[in-house]
Amino acid sequence: VGLLGAGAASAFVYTGGPGLKYKALGDLLISGTFGPLLVCFSFLVQVGKLGWAPLLASLPLTAHIEAILHANNARDAEEDAAHGIITFSSILGERNSVA
């Protein structure tokens, strides 16, 4: 139930409530939700218990998710800035985001 609640809460806080998407924390939230949270939840449903193995196994997936998000945010940096959205790519700047 806790993992399900964490997933539901992440959906809300991404754009609603504190709006982490607009504060350069959206990437961290999405990577954590679609990496460790989903992998651990899937493991729990199939095996019936949690452990360190699914968390460690989720790290390469999490890195891949972050790479995709960063590439997308780097492409949209100008438009995001015009709408007041701060992303990790916009903090790094165009030169450092595509390097």
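Placed above this text is the structure.
Conventions and cut-offs
Residues numbered from 1 in each chain as written. Predicted model: local features only at pLDDT ≥ 70, side-chain atom pairs only at ≥ 80, totals over all residues. Heavy atoms only, no water. Helix = DSSP H or I, 4+ residues; strand = E, 2+ residues; numbered from the N terminus. Buried < 20%, exposed > 50% of the residue type's maximum accessible area, 1.4 Å probe, protein only. Contact = heavy atoms within 4.5 Å. Areas by Shrake-Rupley, 256 points an atom, 1.4 Å probe, with all protein chains shown as cover. Lys, Arg positive; Asp, Glu negative; His and termini not counted. Charge placed at Lys NZ, Arg CZ, Asp CG, Glu CD. Salt bridge = Lys/Arg side-chain N within 4 Å of Asp/Glu carboxyl O. Axes fitted to C-alpha atoms, helices over the stretch in contact; angles between N-to-C directions. Parallel < 35°, antiparallel > 145°, perpendicular 65-115°, else oblique. Left-handed = near helix turned anticlockwise from the far one by under 90°. Nonpolar A, V, L, I, M, F, W, Y, C, P; charged D, E, K, R; others polar.

Some words on the overall build of the protein
- Counting secondary structure elements, the protein contains six helices and zero strands.
- For the protein, the sequential pattern of α-helices and β-strands runs α-α-α-α-α-α.
- If one aligns the C-alpha atoms of the protein with their principal axes, the spans along those axes are about 45 × 30 × 15 Å.
- Residue burial in the protein is summarised as follows: out of 99 residues, 27% are buried.
- Within the protein, counting contacts between residues at least 6 apart in sequence, those at least 24 apart form 47% of the total.
- As displayed, the protein offers around 6,400 Å² of accessible surface, 69% of which is attributable to carbon and sulfur atoms.
- Here the protein contributes 5 positively and 7 negatively charged side chains, and the mean placements of these two sets differ by 10 Å.

Some points on the pattern of salt bridges
- With the rule as written, the count across this model stands at one salt bridge.
- Between Arg75 and Asp76 there is a salt bridge, and its shortest N-O distance comes to 2.9 Å.

Quick notes on the packing of helix H2 (residues 26–47) against helix H3 (residues 52–75)
- At a minimum axis separation of 8 Å, H2 and H3 run at an interaxial angle of 150 degrees. Classified by the angle between their axes, H2 and H3 sit roughly antiparallel to one another. Between H2 and H3 the crossing geometry is right-handed. Together, Asp27, Ile30, Ser31, Phe34, Gly35, Pro36, Val39, Cys40 and Phe43 of H2 and Pro54, Leu55, Ser58, Leu61, Thr62, Ile65, Glu66, Leu69 and Asn73 of H3 make up the contact between the two elements.
- Per-class residue counts for the contact of H2 with H3 are 11 nonpolar, five polar and two charged.

This is a description of form; function is not addressed.
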